[in-house]
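# Geometric and topological summary
If you want the building blocks of each chain, they are given just below.
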Amino acid sequence: MLIVAVLFSACVDVEIGSEYRLDGSATHSIQIVISQDPDERVTPGQIAGFLSDLEQQALDAGLEFTRNEGRGATTVRITGTTSDGQDAGASINGLINATGLNTSPGVTAPFRGTFTRGTGAVGGTAYILDLSVDGQLLFASLASAVTDDQEAALRETLTMHYSATLPGDITETTGEQLNDSTVRWEIPPDTETQLQATSRTGGSGSAALFIVLGVAAIVAGILIAAGLGWYFARRKRLTNALGGALHRLPGQRTITTEGAWVAARIGGLTRRLSRTKPDEPADER
């Protein structure tokens with residue numbers, strides 16, 4: 001019941017967070033910020049005892065425990081790492097139950113969902129966080145033994161959040177984006193909240209490469225089309241030039257058929273002018 005008393009020690013913020021990595025592993029944490037100005041129902045000794053018990057239970061469960069004092073509040077952070085971050089909901093629930101923050105009988109499972117990896121639309125890799133949290137169940141697991149009046153007061157002093165850091169840059173989310181890769185959601189104590197986010201790695205570079213290759217392909221197509229057009233436009237002249245070159249080769253005819261016809265006409269005209277007869281053909285015998 002000590003945790004219930006601490007929750008009434010003025011404003012308390014409980015933030016559950018996850019950091020998902022490229023290799024598929026994930027680190028989940030629970031951070032509790034407790035005001036150092038508790039009301040008359042909680043003494044500083046009770047808070048110290050609560051934190052000591054919480055640290056011992058976290059260490060016994062193989063978790064990391066850190067504690068910082070400052071700015072009028074005490075901040076504790078309990079952290080656990082898993083090599084397989086896909087079943088994110090189960091990992092977060094396991095952390096809540098292992099720390100002893102769940103005051104209800106048995107185990108609690110307010111989180112459901114997964115963290116998966118896929119292929120981006122234009123290269124790169126897409127990472128998809130698809131979680132949901134039952135705020136009412138999470139609130140009840142933290143303060144299951146309070147009276148109705150205490151529950152109403154606790155709803156005013158307790159705030160709950162979930163934050164997630166994903167690989168790459170966030171492209172879509174239902175939460176509040178804190179920076180390029182981190183999103184945060186507030187968890188109301190009386191409803192279910194969808195915790196969804198998508199990030200991408202390598203998308204910008206792949207998109208730029210795709211554009212460069214596209215432009216290069218277009219330029220290459222234009223050059224090929226221009227070359228073919230030039231070739232067919234000059235094909236007739238090229239053929240004639242090659243034909244003329246063949247006539248000028250050694251041992252070949254040096255006059256074309258049209259030139260022979262003109263020469264024959266000029267020869268006939270010359271003979272008429274000189275009043276000479278054409279040479280008779282040689283005796284075939």
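Attention here is on the structure that accompanies the text. (Residues numbered from 1 in each chain as written. Predicted model: local features only at pLDDT ≥ 70, side-chain atom pairs only at ≥ 80, totals over all residues. Heavy atoms only, no water.)

Attention now goes to the sheet that holds strand E11 (residues 192-201). Reading across the sheet, the four strands line up as E5-E6-E11-E8 and stay open at both edges, with antiparallel pairing between neighbours. Single-partner strands in this sheet number two, and they are strand E5 (111-119) and strand E8 (169-173). Each adjacent strand pair in this sheet contributes to an overall mean axis angle of 20°, direction not counted. Pairing geometry for E5 and strand E6 (residues 125-134), over nine bridges, is antiparallel. Bridge pairing links Phe111 to Val133 in E6. Of the strands in this sheet, E5 and E6 are in contact with helix H3 (residues 88-99), which crosses E5 at around 140°. (Pairing = 2+ DSSP bridges. Helix = DSSP H or I, 4+ residues; strand = E, 2+ residues; numbered from the N terminus. Axes fitted to C-alpha atoms, helices over the stretch in contact; angles between N-to-C directions. Contact = heavy atoms within 4.5 Å.)

Attention now moves to the environment of Thr119. Along the chain, Thr119 falls in strand E5. Along the backbone, Thr119 and Thr201 are 82 residues apart, and their C-alpha atoms lie at a distance of 9.8 Å. If near-sequence neighbours (up to four positions away) are discounted, Thr119 is found in contact with Gly124 and Ala126.

Turning our eyes to something else, we now look at the side chain of Ser25. Mapped onto the elements of the fold, Ser25 is located in the loop between strand E1 (12-20) and strand E2 (26-35). Judged by relative accessible area, which is 9%, Ser25 ranks as buried. A distance of 2.7 Å separates polar atoms of two side chains, one belonging to Ser25 and the other to Asp23. Contacts of Ser25, omitting those with residues within four sequence positions, involve Glu19, Tyr20, Thr82, Ser83 and Gly85. (Buried < 20%, exposed > 50% of the residue type's maximum accessible area, 1.4 Å probe, protein only. Polar contact = N/O pair within 3.5 Å; in protein donor to acceptor, adjacent residues only side chain to side chain.)

Take the nonpolar core next. In this structure, Tyr20, Ile32, Phe111, Leu129 and Tyr162 are the most contacted members of the largest nonpolar core, which totals 44 residues. Among the elements that make up this core, the one with the highest residue count is helix H2 (residues 44-60) (five residues). Every residue in contact with Phe111, bar those within four places of it in the chain, is listed here: Ile16, Gly89, Ile92, Asn93, Ile96, Ser132, Val133, Tyr162, Ile187 and Leu195. (Core = buried A, V, L, I, M, F, W, Y, C linked by side-chain atoms within 4.5 Å.)

The seven strands are arranged E3-E4-E2-E1-E7-E10-E9 in an open sheet whose pairing can be described as mixed. Of all the strands in the sheet, the pair left with one neighbour each is strand E3 (64-70) and strand E9 (176-177). Taken strand by strand, H3 contacts E1, E2, strand E4 (73-82) and strand E7 (158-165), and its axis lies near 45° from that of E2. Packing of helix H4 (residues 135-142) onto the sheet brings it into contact with E1 and E7, and relative to E7 it is tilted by some 120°.

In short, the description is geometric, and any link to function would need to be established separately.
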